[in-house]
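# Descriptive analysis of the structure
Residues per chain, in single letters:
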Amino acid sequence: MSHGLFRTEWVAGEPPDIHHMDVPTAYDAAKLGMWLFLATEILLFGGLFAAYALFHWAYPTEFHHASKELNWKIGAFNTCVLLISSFYAALSVDAAQHNNNKKVVRYLLITLGCGLIFLVVKYFEWTGKASHGLFPGTSGEHGAFNSPEFNHSYRMFFGLYYCMTGLHALHVIIGMAILAWAANLARKGRFSKRYYTPVEVGALYWHLVDLIWIYLFPLLYLVG
Amino acid sequence: MSAHHHDSHSGHGEGFHGELGHVVPYKTYLAILIWLLILTVVTVAAAQVDFGAMNAVVAMIIASIKALLVATIFMHLKFENPVTWLYALFPIVLLAILLAGLFIDNPFRTDPQHATEAAQHAANRLAVILRIG
(Lines give C-alpha, C1' and ligand atoms only; values in the text may rest on other atoms or scores of the structure.)
Protein backbone atom coordinates (compact mmCIF):
# COMPACT_ATOMS: atom_id res chain seq x y z
CA MET A 1 0.00 0.00 0.00
CA SER A 2 1.68 3.17 -1.13
CA HIS A 3 0.80 6.09 1.03
CA GLY A 4 0.98 9.53 -0.53
CA LEU A 5 2.77 11.27 2.29
CA PHE A 6 5.62 8.77 2.65
CA ARG A 7 6.28 7.97 -0.98
CA THR A 8 9.83 8.59 -2.01
CA GLU A 9 9.06 9.29 -5.66
CA TRP A 10 7.30 12.55 -6.34
CA VAL A 11 7.19 15.50 -8.66
CA ALA A 12 8.23 18.78 -7.05
CA GLY A 13 5.21 20.95 -6.23
CA GLU A 14 2.71 18.31 -7.35
CA PRO A 15 0.29 16.48 -5.02
CA PRO A 16 1.00 12.82 -4.27
CA ASP A 17 -0.35 10.44 -6.88
CA ILE A 18 -3.76 9.78 -5.33
CA HIS A 19 -5.96 7.97 -7.82
CA HIS A 20 -9.17 7.84 -5.85
CA MET A 21 -9.48 11.54 -4.93
CA ASP A 22 -9.14 14.83 -6.71
CA VAL A 23 -6.62 17.30 -5.28
CA PRO A 24 -8.97 19.68 -3.35
CA THR A 25 -10.94 16.76 -1.88
CA ALA A 26 -7.76 15.07 -0.62
CA TYR A 27 -6.62 18.38 0.89
CA ASP A 28 -9.99 19.01 2.59
CA ALA A 29 -10.18 15.44 3.91
CA ALA A 30 -6.71 15.68 5.47
CA LYS A 31 -7.55 19.00 7.10
CA LEU A 32 -10.90 17.76 8.45
CA GLY A 33 -9.13 14.68 9.83
CA MET A 34 -6.71 16.94 11.71
CA TRP A 35 -9.60 19.00 13.12
CA LEU A 36 -11.24 15.79 14.40
CA PHE A 37 -7.95 14.82 16.06
CA LEU A 38 -7.67 18.30 17.60
CA ALA A 39 -11.19 17.83 19.02
CA THR A 40 -9.99 14.72 20.90
CA GLU A 41 -6.97 16.72 22.12
CA ILE A 42 -9.26 19.39 23.57
CA LEU A 43 -11.14 16.64 25.43
CA LEU A 44 -7.85 15.14 26.68
CA PHE A 45 -6.78 18.46 28.20
CA GLY A 46 -10.41 19.18 29.11
CA GLY A 47 -10.34 16.46 31.77
CA LEU A 48 -7.35 18.12 33.43
CA PHE A 49 -8.96 21.57 33.14
CA ALA A 50 -12.10 20.20 34.81
CA ALA A 51 -10.02 18.70 37.64
CA TYR A 52 -8.21 22.02 38.09
CA ALA A 53 -11.49 23.99 38.12
CA LEU A 54 -12.97 21.67 40.75
CA PHE A 55 -9.99 21.77 43.14
CA HIS A 56 -9.49 25.49 42.63
CA TRP A 57 -13.11 25.96 43.64
CA ALA A 58 -12.67 23.68 46.66
CA TYR A 59 -9.38 25.25 47.91
CA PRO A 60 -9.21 28.86 46.62
CA THR A 61 -6.87 30.22 49.34
CA GLU A 62 -4.44 27.32 49.19
CA PHE A 63 -4.29 27.39 45.38
CA HIS A 64 -3.66 31.13 45.57
CA HIS A 65 -0.62 30.62 47.84
CA ALA A 66 0.68 27.67 45.81
CA SER A 67 0.45 29.57 42.51
CA LYS A 68 2.50 32.39 44.05
CA GLU A 69 5.41 29.89 43.98
CA LEU A 70 5.38 30.20 40.18
CA ASN A 71 7.06 33.16 38.50
CA TRP A 72 4.48 34.86 36.26
CA LYS A 73 7.22 36.72 34.37
CA ILE A 74 8.65 33.42 33.11
CA GLY A 75 5.12 32.27 32.20
CA ALA A 76 4.41 35.53 30.34
CA PHE A 77 7.73 35.27 28.47
CA ASN A 78 6.92 31.72 27.36
CA THR A 79 3.42 32.84 26.32
CA CYS A 80 4.92 35.48 24.00
CA VAL A 81 7.41 32.94 22.62
CA LEU A 82 4.58 30.54 21.71
CA LEU A 83 2.42 33.31 20.20
CA ILE A 84 5.32 34.37 17.96
CA SER A 85 5.96 30.73 17.02
CA SER A 86 2.29 30.39 15.98
CA PHE A 87 2.58 33.53 13.86
CA TYR A 88 5.53 32.03 11.97
CA ALA A 89 3.73 28.69 11.59
CA ALA A 90 0.86 30.61 9.94
CA LEU A 91 3.39 32.40 7.70
CA SER A 92 4.89 29.06 6.64
CA VAL A 93 1.48 28.03 5.25
CA ASP A 94 1.26 31.39 3.50
CA ALA A 95 4.72 30.86 1.96
CA ALA A 96 3.65 27.44 0.63
CA GLN A 97 0.51 29.03 -0.83
CA HIS A 98 2.88 31.33 -2.72
CA ASN A 99 5.08 28.46 -4.03
CA ASN A 100 8.04 29.63 -1.90
CA ASN A 101 9.68 26.54 -0.36
CA LYS A 102 12.68 28.53 0.89
CA LYS A 103 10.44 30.72 3.01
CA VAL A 104 8.55 27.65 4.28
CA VAL A 105 11.88 26.31 5.57
CA ARG A 106 12.88 29.67 7.08
CA TYR A 107 9.56 30.24 8.87
CA LEU A 108 9.36 26.67 10.15
CA LEU A 109 12.93 26.94 11.51
CA ILE A 110 11.92 30.10 13.42
CA THR A 111 8.85 28.22 14.75
CA LEU A 112 11.09 25.32 15.82
CA GLY A 113 13.53 27.76 17.47
CA CYS A 114 10.68 29.27 19.50
CA GLY A 115 9.55 25.77 20.51
CA LEU A 116 13.08 25.00 21.69
CA ILE A 117 13.30 28.25 23.71
CA PHE A 118 9.95 27.37 25.32
CA LEU A 119 11.18 23.91 26.33
CA VAL A 120 14.53 25.18 27.70
CA VAL A 121 12.74 27.81 29.83
CA LYS A 122 10.28 25.15 31.02
CA TYR A 123 13.18 22.83 31.91
CA PHE A 124 14.78 25.47 34.15
CA GLU A 125 11.40 26.28 35.66
CA TRP A 126 10.73 22.62 36.53
CA THR A 127 14.19 21.96 37.92
CA GLY A 128 13.97 25.21 39.93
CA LYS A 129 10.70 24.08 41.51
CA ALA A 130 12.05 20.58 42.10
CA SER A 131 15.14 21.97 43.86
CA HIS A 132 12.76 23.65 46.33
CA GLY A 133 11.18 20.30 47.03
CA LEU A 134 8.12 20.99 44.87
CA PHE A 135 7.76 17.68 43.06
CA PRO A 136 4.48 16.26 41.85
CA GLY A 137 2.68 14.99 44.93
CA THR A 138 4.82 16.89 47.47
CA SER A 139 4.24 20.17 49.26
CA GLY A 140 7.82 21.41 49.58
CA GLU A 141 9.38 22.93 52.69
CA HIS A 142 6.57 25.22 53.74
CA GLY A 143 6.69 25.22 57.49
CA ALA A 144 4.46 28.28 57.66
CA PHE A 145 1.61 26.40 56.05
CA ASN A 146 2.06 23.13 57.81
CA SER A 147 -1.53 22.18 58.56
CA PRO A 148 -2.42 18.79 57.05
CA GLU A 149 -5.29 20.37 55.13
CA PHE A 150 -3.01 22.95 53.55
CA ASN A 151 -0.35 20.40 52.59
CA HIS A 152 -3.01 18.29 50.94
CA SER A 153 -4.26 21.08 48.66
CA TYR A 154 -0.72 22.36 48.01
CA ARG A 155 0.14 18.89 46.75
CA MET A 156 -2.98 18.96 44.60
CA PHE A 157 -1.92 22.22 42.95
CA PHE A 158 1.57 21.01 42.09
CA GLY A 159 0.28 17.61 40.98
CA LEU A 160 -2.01 19.38 38.50
CA TYR A 161 0.75 21.85 37.54
CA TYR A 162 3.20 19.10 36.59
CA CYS A 163 0.53 17.02 34.82
CA MET A 164 -0.82 19.89 32.73
CA THR A 165 2.50 21.53 31.81
CA GLY A 166 4.12 18.10 31.31
CA LEU A 167 1.42 16.90 28.91
CA HIS A 168 1.63 20.26 27.14
CA ALA A 169 5.43 20.02 26.81
CA LEU A 170 5.01 16.54 25.31
CA HIS A 171 2.77 18.14 22.71
CA VAL A 172 5.41 20.81 22.02
CA ILE A 173 7.97 18.05 21.36
CA ILE A 174 5.59 16.12 19.04
CA GLY A 175 4.64 19.35 17.24
CA MET A 176 8.33 20.16 16.70
CA ALA A 177 8.92 16.68 15.24
CA ILE A 178 6.00 17.13 12.79
CA LEU A 179 7.15 20.62 11.73
CA ALA A 180 10.77 19.43 11.34
CA TRP A 181 9.51 16.70 9.00
CA ALA A 182 7.51 19.28 7.00
CA ALA A 183 10.54 21.62 6.89
CA ASN A 184 12.68 18.80 5.52
CA LEU A 185 10.15 18.18 2.71
CA ALA A 186 10.12 21.92 1.96
CA ARG A 187 13.94 21.89 1.82
CA LYS A 188 13.60 19.34 -1.00
CA GLY A 189 11.21 21.67 -2.82
CA ARG A 190 8.20 19.45 -2.20
CA PHE A 191 5.44 22.06 -1.80
CA SER A 192 3.47 24.43 -3.99
CA LYS A 193 0.08 26.10 -3.90
CA ARG A 194 -1.23 22.83 -5.40
CA TYR A 195 0.16 20.71 -2.56
CA TYR A 196 1.12 21.73 0.99
CA THR A 197 -0.97 19.43 3.21
CA PRO A 198 1.88 18.52 5.65
CA VAL A 199 2.58 22.22 6.31
CA GLU A 200 -1.12 22.97 6.79
CA VAL A 201 -1.94 20.09 9.19
CA GLY A 202 1.40 20.49 11.02
CA ALA A 203 0.66 24.19 11.56
CA LEU A 204 -2.88 23.33 12.76
CA TYR A 205 -1.40 21.00 15.40
CA TRP A 206 1.11 23.66 16.44
CA HIS A 207 -1.65 26.28 16.83
CA LEU A 208 -3.50 23.90 19.17
CA VAL A 209 -0.37 23.65 21.34
CA ASP A 210 -0.42 27.46 21.46
CA LEU A 211 -4.18 27.49 22.25
CA ILE A 212 -3.79 25.15 25.23
CA TRP A 213 -1.00 27.33 26.67
CA ILE A 214 -3.18 30.46 26.26
CA TYR A 215 -5.46 28.88 28.92
CA LEU A 216 -2.71 27.26 31.04
CA PHE A 217 -0.78 30.50 31.61
CA PRO A 218 -3.49 32.54 33.40
CA LEU A 219 -4.89 29.47 35.20
CA LEU A 220 -1.59 28.33 36.73
CA TYR A 221 0.47 31.54 37.01
CA LEU A 222 -2.08 34.33 37.51
CA VAL A 223 -5.46 33.23 38.84
CA GLY A 224 -4.31 30.43 41.15
CA MET B 1 -16.03 21.43 -2.32
CA SER B 2 -17.44 24.43 -4.14
CA ALA B 3 -15.40 26.78 -1.94
CA HIS B 4 -12.33 26.01 -4.00
CA HIS B 5 -13.83 27.18 -7.24
CA HIS B 6 -14.68 30.69 -6.12
CA ASP B 7 -13.33 33.45 -8.27
CA SER B 8 -10.04 34.69 -6.87
CA HIS B 9 -10.31 38.31 -5.94
CA SER B 10 -6.95 39.48 -4.76
CA GLY B 11 -5.89 42.25 -2.45
CA HIS B 12 -7.49 43.93 0.48
CA GLY B 13 -8.99 42.83 3.75
CA GLU B 14 -9.89 39.18 3.83
CA GLY B 15 -7.45 37.83 1.28
CA PHE B 16 -8.62 35.38 -1.39
CA HIS B 17 -9.34 31.73 -2.08
CA GLY B 18 -6.13 30.20 -3.34
CA GLU B 19 -5.84 27.02 -5.37
CA LEU B 20 -6.59 25.03 -2.20
CA GLY B 21 -7.14 26.90 1.07
CA HIS B 22 -7.82 30.51 1.87
CA VAL B 23 -4.86 32.91 1.50
CA VAL B 24 -4.79 35.44 4.35
CA PRO B 25 -2.79 38.67 3.83
CA TYR B 26 0.48 39.00 5.77
CA LYS B 27 -0.79 42.22 7.41
CA THR B 28 -3.77 40.37 8.91
CA TYR B 29 -1.47 37.74 10.49
CA LEU B 30 0.75 40.51 11.88
CA ALA B 31 -2.25 42.43 13.28
CA ILE B 32 -3.48 39.26 15.02
CA LEU B 33 -0.03 38.63 16.55
CA ILE B 34 0.07 42.21 17.90
CA TRP B 35 -3.45 41.82 19.36
CA LEU B 36 -2.44 38.52 20.99
CA LEU B 37 0.60 40.16 22.61
CA ILE B 38 -1.50 43.14 23.79
CA LEU B 39 -4.09 40.77 25.29
CA THR B 40 -1.27 38.92 27.11
CA VAL B 41 -0.30 42.23 28.74
CA VAL B 42 -3.98 42.85 29.54
CA THR B 43 -4.25 39.42 31.25
CA VAL B 44 -1.20 40.15 33.42
CA ALA B 45 -2.50 43.65 34.25
CA ALA B 46 -5.98 42.32 35.08
CA ALA B 47 -4.42 39.79 37.47
CA GLN B 48 -3.02 42.69 39.56
CA VAL B 49 -6.59 43.91 40.19
CA ASP B 50 -8.69 41.90 42.64
CA PHE B 51 -12.10 41.11 41.16
CA GLY B 52 -12.75 38.63 43.99
CA ALA B 53 -14.58 35.57 42.75
CA MET B 54 -14.57 37.04 39.22
CA ASN B 55 -10.73 36.81 38.90
CA ALA B 56 -10.89 33.45 37.12
CA VAL B 57 -13.85 34.53 34.97
CA VAL B 58 -12.02 37.67 33.75
CA ALA B 59 -8.88 35.64 32.95
CA MET B 60 -10.89 32.99 31.08
CA ILE B 61 -12.77 35.62 29.04
CA ILE B 62 -9.49 37.22 27.91
CA ALA B 63 -8.00 33.77 27.16
CA SER B 64 -11.08 32.88 25.11
CA ILE B 65 -10.77 36.07 23.03
CA LYS B 66 -7.14 35.10 22.32
CA ALA B 67 -8.18 31.53 21.50
CA LEU B 68 -10.84 32.84 19.11
CA LEU B 69 -8.25 34.99 17.28
CA VAL B 70 -5.86 32.03 16.91
CA ALA B 71 -8.62 29.65 15.75
CA THR B 72 -10.38 31.96 13.30
CA ILE B 73 -7.35 33.56 11.60
CA PHE B 74 -4.18 31.52 12.28
CA MET B 75 -6.08 28.23 11.91
CA HIS B 76 -8.31 29.63 9.11
CA LEU B 77 -11.52 28.51 10.83
CA LYS B 78 -13.22 31.71 9.64
CA PHE B 79 -12.92 30.48 6.06
CA GLU B 80 -13.83 26.84 6.73
CA ASN B 81 -17.07 25.00 5.97
CA PRO B 82 -19.79 24.26 8.60
CA VAL B 83 -18.57 20.67 9.09
CA THR B 84 -15.18 21.94 10.29
CA TRP B 85 -16.95 24.37 12.65
CA LEU B 86 -18.96 21.44 14.01
CA TYR B 87 -15.73 19.49 14.64
CA ALA B 88 -14.22 22.52 16.39
CA LEU B 89 -17.25 23.21 18.59
CA PHE B 90 -18.43 19.78 19.74
CA PRO B 91 -15.54 19.17 22.22
CA ILE B 92 -16.24 22.58 23.77
CA VAL B 93 -19.93 21.65 24.25
CA LEU B 94 -18.92 18.30 25.80
CA LEU B 95 -16.46 20.08 28.11
CA ALA B 96 -19.19 22.54 29.19
CA ILE B 97 -21.50 19.61 30.02
CA LEU B 98 -18.70 17.96 32.05
CA LEU B 99 -18.00 21.16 34.01
CA ALA B 100 -21.70 21.86 34.62
CA GLY B 101 -22.22 18.29 35.86
CA LEU B 102 -19.19 18.50 38.18
CA PHE B 103 -20.26 21.79 39.75
CA ILE B 104 -23.86 20.63 40.25
CA ASP B 105 -22.71 17.34 41.76
CA ASN B 106 -19.71 18.43 43.81
CA PRO B 107 -21.38 20.33 46.71
CA PHE B 108 -22.84 17.00 47.82
CA ARG B 109 -19.57 15.11 47.55
CA THR B 110 -17.01 16.97 49.68
CA ASP B 111 -16.54 16.09 53.35
CA PRO B 112 -19.54 14.48 55.09
CA GLN B 113 -20.27 17.53 57.24
CA HIS B 114 -20.32 19.78 54.16
CA ALA B 115 -22.63 17.35 52.38
CA THR B 116 -25.00 17.24 55.36
CA GLU B 117 -25.13 21.05 55.46
CA ALA B 118 -25.77 21.28 51.72
CA ALA B 119 -28.51 18.65 51.90
CA GLN B 120 -30.06 20.42 54.90
CA HIS B 121 -29.99 23.71 53.03
CA ALA B 122 -31.66 22.14 49.97
CA ALA B 123 -34.31 20.52 52.19
CA ASN B 124 -35.05 23.85 53.93
CA ARG B 125 -35.41 25.62 50.59
CA LEU B 126 -37.76 22.94 49.36
CA ALA B 127 -39.83 23.17 52.57
CA VAL B 128 -40.15 26.96 52.18
CA ILE B 129 -41.19 26.62 48.54
CA LEU B 130 -43.77 23.94 49.38
CA ARG B 131 -45.25 25.92 52.29
CA ILE B 132 -45.65 28.99 50.08
CA GLY B 133 -47.17 26.82 47.34
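Now for a quick tour of the structure. Since the model is a prediction, treat every value here as computed from it, not as a measurement.

For chain B, the helix and strand inventory stands at four helices and two strands. The order of α-helices and β-strands along chain B, N terminus first, is β-β-α-α-α-α. When each of the 133 residues of chain B is scored for burial, the buried share is 17%. When contacts within chain B are restricted to residue pairs at least 6 apart in sequence, those whose partners lie at least 24 apart make up 29%.

In terms of regular secondary structure, chain A is built from six helices and zero strands. In sequence order, the secondary structure elements of chain A are arranged as α-α-α-α-α-α. Counting over 224 residues, chain A shows a buried share of 41%. Partitioning the intrachain contacts of chain A with sequence separation of at least 6 by distance along the chain shows that 76% fall at a separation of at least 24.

Taken residue by residue, the interface counts 40 residues in chain B and 39 residues in chain A. The greatest single-element share of the side of chain B that touches chain A, amounting to 12 residues, is contributed by helix α3 (residues 82-105) of chain B. Among the residues forming the side of chain B that touches chain A, the class breakdown is 29 nonpolar, nine polar and two charged.

Turning next to the packing of helix α3 (residues 72-97) of chain A against helix α4 (residues 101-131) of chain A. Residues and elements named next belong to chain A. With their axes 8 Å apart at the nearest point, α3 and α4 run at an angle of 160° to one another. By the angle class used here, α3 and α4 are roughly antiparallel. For the pair α3 and α4, the crossing hand works out as left-handed. When the residues that make up the contact of α3 with α4 are grouped by side-chain class, the tally is 18 nonpolar, five polar and three charged.

Rules used throughout
Residues numbered from 1 in each chain as written. Chains lettered and ligands numbered in written order. Predicted model: local features only at pLDDT ≥ 70, side-chain atom pairs only at ≥ 80, totals over all residues. Helix = DSSP H or I, 4+ residues; strand = E, 2+ residues; numbered from the N terminus. Buried ≥ 20, exposed ≤ 12 C-beta atoms within 10 Å, placed from the backbone. Contact = placed C-beta atoms within 7 Å. Nonpolar A, V, L, I, M, F, W, Y, C, P; charged D, E, K, R; others polar. Axes fitted to C-alpha atoms, helices over the stretch in contact; angles between N-to-C directions. Parallel < 35°, antiparallel > 145°, perpendicular 65-115°, else oblique. Left-handed = near helix turned anticlockwise from the far one by under 90°.

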